[in-house]
Amino acid sequence: MEVNKTSRGIPKAGEVEPIKKLKDIAKIKQYFLGKENKRDYLLFVLGINIGLRAGDLLNLKIRDVIEGNKIIDSVKIVEEKTGKTREFVLNKSAKEAIKRYITSLNTYNIDDYLFKSKKGGHITVNYAHSIIKNTLRDLNVKGNYGTHSLRKTFAYHTYINNIGTNHMILETLQRMLNHSSSAVTLRYIGITKEVIKDVYTSLNL
């Protein structure tokens, strides 16, 4: 079945924001768990922990993350947009979310899409976008959010958590995100002059 991958109605990548506050991330996780919605919980947790574009995230199949009865450590995919092979590691949070979702299924085929649609194939980018946008609106998290916020959230927190100890983190992120310059990467993840100033003032070596 052909999967609808139209981007109509979805803001461009530069128009949505990363989720910067850890308390908002925790609130979103609790929201999905409270609704017993393990698929959407997985969509959110996996999205912010591996940083794939929405199309690549939704193209994942169960066999991409599970081998036998074990969740694998690293995953290789071919990116839709670039045609390049990308390898990423499944961290503890990602593995726990996958396990939570898979164990909730009564039955599944290893070739099923991870984010399976009831209509066949996987859920569309449009639908995933509405899940994220509506959830943050319901939780009264101010800002403009969508599926691309997941990738930006991954990049933002990777930068913030590592800038103090890893002077190569910006260059690494630039390569991972396939950006033309570090300046593009900083704009992409919403690192403003104020944020940079906070990083310096909080260092105090």
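Residues numbered from 1 in each chain as written. Predicted model: local features only at pLDDT ≥ 70, side-chain atom pairs only at ≥ 80, totals over all residues. Heavy atoms only, no water.

With respect to the pairing of strand 3 (residues 74–78)
Phase 1 of the analysis: The side-chain alternation of strand 3 yields one buried face, formed by Val75 and Ile77, and one unburied face, formed by Ser74, Lys76 and Val78.
Phase 2 of the analysis: In terms of strand pairing, strand 3 meets strand 4 (residues 85–89) through five bridges, oriented antiparallel. Paired with serine 74 across the two strands is valine 89, which belongs to strand 4.
Phase 3 of the analysis: In sequence, strand 3 turns back onto strand 4 through a hairpin of six residues, with glycine 83 there showing a positive phi of about 75°. (Buried < 20%, exposed > 50% of the residue type's maximum accessible area, 1.4 Å probe, protein only. Helix = DSSP H or I, 4+ residues; strand = E, 2+ residues; numbered from the N terminus. Pairing = 2+ DSSP bridges.)

Details of the pattern of salt bridges
Phase 1 of the analysis: One pass over the structure, following the stated rule, counts eleven salt bridges.
Phase 2 of the analysis: We note a salt bridge from glutamate 36 to lysine 38, for which the minimum N-O separation is 2.6 Å.
Phase 3 of the analysis: Owing to a relative accessible area of 21%, lysine 38 belongs among the partly exposed residues under this scheme.
Phase 4 of the analysis: Glutamate 171 is the salt-bridge partner of arginine 175, the closest N and O atoms lying 3.2 Å from each other. Pair noted here: arginine 175 and glutamate 171 are both in helix 8 (residues 169–177), with a separation of four residues, about one helical turn.
Phase 5 of the analysis: Using a relative accessible area of 39% as the deciding quantity, one classes glutamate 171 as partly exposed.
Phase 6 of the analysis: In this structure, a network of salt bridges that share partners links the residues Arg53, Glu79 and Arg86. (Salt bridge = Lys/Arg side-chain N within 4 Å of Asp/Glu carboxyl O.)

Observations regarding helix 2 (residues 38–50)
Phase 1 of the analysis: Taking 1.5 Å per residue as the helical rise, helix 2 with its 13 residues ought to reach 18 Å, and the 18 Å between its terminal C-alpha atoms agrees with that figure.
Phase 2 of the analysis: Across the 13 residues that make up helix 2, a large majority, twelve, are buried.
Phase 3 of the analysis: Looking at helix 2, one finds that the buried residues are Arg39, Asp40, Tyr41, Leu42, Leu43, Phe44, Val45, Leu46, Gly47, Ile48, Asn49 and Ile50.
Phase 4 of the analysis: Along its buried surface, helix 2 packs onto helix 1 (22–34), helix 3 (54–58), strand 4, helix 5 (92–102), helix 6 (125–138) and helix 7 (148–162).
Phase 5 of the analysis: Glycine 51 occupies a position one or two residues after helix 2 and carries a positive phi of about 70°. (Expected span 1.5 Å × (residues − 1). Contact = heavy atoms within 4.5 Å.)

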